[in-house]
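# Fold and contact review
As a plain string of letters, each chain reads:
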Amino acid sequence: MKRQLVFLFAVLCGVAQAQQPIGNVAVQDAMVAGDLTVNNGRAVLVANTTVTAKDRTADVTLNRGGSIHVCATSGLHITSGKSATGPAPLMLSLDRGAIEVQMAATTSDVIMTPDLRFGIASNGPLDLRLRVTSNGDTCVENRGANAPILTGADQFGESSYDLRPGQHVLFEHGSLKEVVDNESSPCGCPPAPTAPGISLADAALAAGSPKQSAEAEHPFPAAISNGLAPVPSAPQAPPGVVHAQVATTLTYDANGEATDNTSSASTPGNSTAAVPAPAPPPVVQPRTAEPRHPSDVGHWIGHFFKRLFGRG
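Quick caveat, the model's predicted, so the values are computed rather than measured.

Counted by the stated rule, this structure contains two disulfides. Two residues, C71 and C189, share a disulfide whose sulfurs are 1.9 Å apart. Taking the torsion about the sulfur-sulfur bond, which here is approximately -85°, the covalent link between C71 and C189 counts as left-handed. Taken together, the residues span a long stretch of sequence, with C71 in the loop between β5 (67–70) and β6 (75–80) and C189 in the loop between β16 (179–180) and α2 (200–206) at a distance of 118 residues. We note that C71, like C189, is buried. Residue C139 pairs covalently with C187 via a disulfide, S to S 1.8 Å. As the torsion about the S-S bond is roughly -55°, the C139-C187 disulfide counts as left-handed.

So this is what it looks like as structure tokens:
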């Protein structure tokens, strides 16, 4: 009987240890799925849960100490393991989006993305910024001079990369062989919320291509004709200076007739003088040859003989 009680006590202790809460998050900031309970507007995360931030950053308070900021529209899977001594190890898995992690990390903790797996080489204060875009680009910033070394490996275990304290790198398309080791773009939560309906991962991917204004994309005169840029106003003469403005309408018909209607206006202080429009060139009608009279030939012959014999 005594052995049975000892065994039951051990089982209960194991169950109690397995059900230790991981942390909690405000339900107004995130959607939570998995093992959880709700208490005073906060979801208590237990064992294996998924936290998806809404249109703002969701702050997860860890029972082991520290916190995880799940950036707007990002989803984070949190799994807790078992530990006989010390804090329970955590596995953080980020599919897309960004997170910021501040906690006392242990060698049992693991951080994963769809392409990479980061282990903790030694215990230490972890201040991590991590972002994964829709095309797989993985931005990692291991902040702090005393931060532990992060050992990165790909899913097939063929490559590895040690991310040292203070390093800020970008793994293009999630590859350890395409590393930008002087990355300058922030890896964590953006300073301002993203537009509704746009995920943080897509917003981060689009941030590298600044959008031009409509006027820049459609330069003059297409910008004006398409209504994308204002029509420049006519220059105004200073008060007291005569400035001429002519308004004329030219018409043309199939018979070659051209007409114009010219109008002008003047105002005090900004005189407008009527300037006559140039007259259209005269229409020259082609001349037609006049028909010869039948007697013209005989008259010319008679005149010739008269001059020839008339002197005699």
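Let us now look at the pattern of salt bridges. All told, the structure shown has five salt bridges when counted by the stated rule. Between R56 and D29 there is a salt bridge, and its shortest N-O distance comes to 3.3 Å. One end of the pair, R56, is in the loop between β3 (42–53) and β4 (58–62); the other, D29, is in the loop between β1 (21–26) and β2 (30–39), with 27 residues separating them in the sequence. Between R129 and D127 there is a salt bridge whose closest N-O contact spans 2.5 Å. A residue is classified by how much of its surface remains accessible, and R129, at 11% relative accessible area, is buried.

Now for unusual backbone geometry. Backbone geometry places T73, a non-glycine residue, at a positive phi of 70°. As for its placement among the helices and strands, T73 is situated in the loop between β5 and β6. Among the residues examined, T73 registers a relative accessible area of 31% and is labelled partly exposed. Despite not being glycine, H173 shows a phi value in the positive range, around 55°. Along the chain, H173 turns up in the loop between β15 (168–171) and β16.

A few words on the pairing of strand β10 (residues 116–120). Of all five residues that make up β10, four are buried, and the element is covered over most of its length. Between strand β9 (residues 110–112) and the antiparallel strand that follows it, β10, lie three residues. Sheet topology note: the β10/strand β13 (residues 150–154) ladder contains five bridges and is antiparallel. Bridge pairing in β13 links G119 to T151.

Our focus in this paragraph is the confidence of the model for the protein chain. For the protein chain, per-residue confidence averages 75 on the pLDDT scale, and residues scoring 70 or more make up 55% of the total. Scored below 50 in pLDDT, residues 1–17 shows two contacts in the model against residues more than four places distant or in partner chains. This stretch, residues 208–228, has a pLDDT under 50; its non-local contacts, to residues over four places away or in other chains, come to 13 contacts.

As a further point, take the pairing of β15. Because side chains alternate across β15, one face comprises the buried residues H168 and L170, and the other comprises V169 and F171, equally buried. Two elements, strand β12 (residues 138–143) and β15, share four bridges in a ladder whose sense is antiparallel. Looking across to β15, one finds that E141 is bridged to H168. As paired strands, β15 and β16 are joined by two bridges and run antiparallel to one another. Within the sheet, the bridge partner assigned to F171 lies in β16 and is V179.

Conventions we followed
- Residues numbered from 1 in each chain as written.
- Predicted model: local features only at pLDDT ≥ 70, side-chain atom pairs only at ≥ 80, totals over all residues.
- Heavy atoms only, no water.
- Disulfide = S-S within 2.5 Å.
- Helix = DSSP H or I, 4+ residues; strand = E, 2+ residues; numbered from the N terminus.
- Buried < 20%, exposed > 50% of the residue type's maximum accessible area, 1.4 Å probe, protein only.
- Salt bridge = Lys/Arg side-chain N within 4 Å of Asp/Glu carboxyl O.
- Pairing = 2+ DSSP bridges.
- pLDDT = per-residue confidence, 0-100.
- Contact = heavy atoms within 4.5 Å.

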